[in-house]
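A closer look at the structure
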Amino acid sequence: PYSSYLFILLSNMYCSATYELPCCNMQQLKGWCRYGILKVTPTTASIWKENPLLMKNPKKLVDCSIVTLTAFLGAPILFFGFDSVTLMSLTLFVLFPLVCLICGILCGRENGLHLHYPILVALLFLPTIFLFYDSSVWPFWVTYIMIAFIGVAIGYFIQRGNSNTNSKGRLR
């Protein structure tokens with residue numbers, strides 16, 4: 001499901017041509033090479049690597065982004081009626097970092113070590129600075145990016161730790 005078409009450069013001694021092959025994934029193309037349908041040369045070996053910018057499960061990123069946006073916009077709106085500095089400081093120091101960490105772990109478990117979620121955290125928090133807060137909270141977006149990246153890294157290491165186990169929890 002990476003793309004509907006993959007362009008592969010096939011070359012041999014006599015000609016080099018580009019063929020457009022409809023396929024589902026890289027495994028199918030590797031299978032075609034195994035059975036002699038396609039020929040891979042050293043010049044095309046780099047094509048077989050999967051694109052590191054593509055995510056395995058972008059739906060998880062969208063879900064976590066919606067949760068983060070809801071927290072960033074919903075908490076100040078809910079606490080706007082209360083004139084309490086303690087509630088706002090708890091939101092900035094406890095709620096938002098927890099949301100960034102938990103959603104980062106979920107995104108890292110599903111998609112690996114990508115920077116998509118930490119960048120989205122920054123893009124989603126910056127407008128709330130101008131909407132709900134004053135300029136004294138602008139350093140928090142850097143903190144939330146770092147916490148989101150730590151969460152993505154933790155999720156990535158959880159994914160790597162679980163990659164050698166089967167569905168029953170036993171090692172393969």
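All values reported here derive from a predicted model rather than from experimental measurement.

Some points on the pattern of salt bridges
Tallying each qualifying case throughout the model produces 1 salt bridge. In this structure, the salt-bridge partner of Lys59 is Asp63, at a minimum N-O distance of 3.1 Å. Taken together, the residues Lys59 and Asp63, both in helix 2 (residues 58-79) and 4 residues apart, mark about one turn of the helix. The exposure class of Lys59 is exposed, given its relative accessible area of 56%. Judged by relative accessible area, Asp63 falls into the partly exposed class, the value being 31%.

Let's talk about the packing of aromatic side chains
Working definition: an aromatic ring pair is given by the centre-to-centre distance plus the angle between the planes. Within this structure, the stated rule accounts for 11 aromatic pairs. When the ring of Phe132 is compared with that of Tyr133, the centres are 6.4 Å apart and the planes differ by 70 degrees; the resulting orientation is edge-to-face. Classification of Phe132 by relative accessible area gives partly exposed; the value is 29%. The rings of Phe72, Phe93, Phe96, Phe125, Phe132, Tyr133, Phe140 and Tyr144 are connected pair by pair, giving a single aromatic cluster.

Rules used throughout
Residues numbered from 1 in each chain as written. Predicted model: local features only at pLDDT ≥ 70, side-chain atom pairs only at ≥ 80, totals over all residues. Heavy atoms only, no water. Salt bridge = Lys/Arg side-chain N within 4 Å of Asp/Glu carboxyl O. Helix = DSSP H or I, 4+ residues; strand = E, 2+ residues; numbered from the N terminus. Buried < 20%, exposed > 50% of the residue type's maximum accessible area, 1.4 Å probe, protein only. Phe/Tyr/Trp six-rings, centres within 6.5 Å; stacked < 30°, edge-to-face > 60°.

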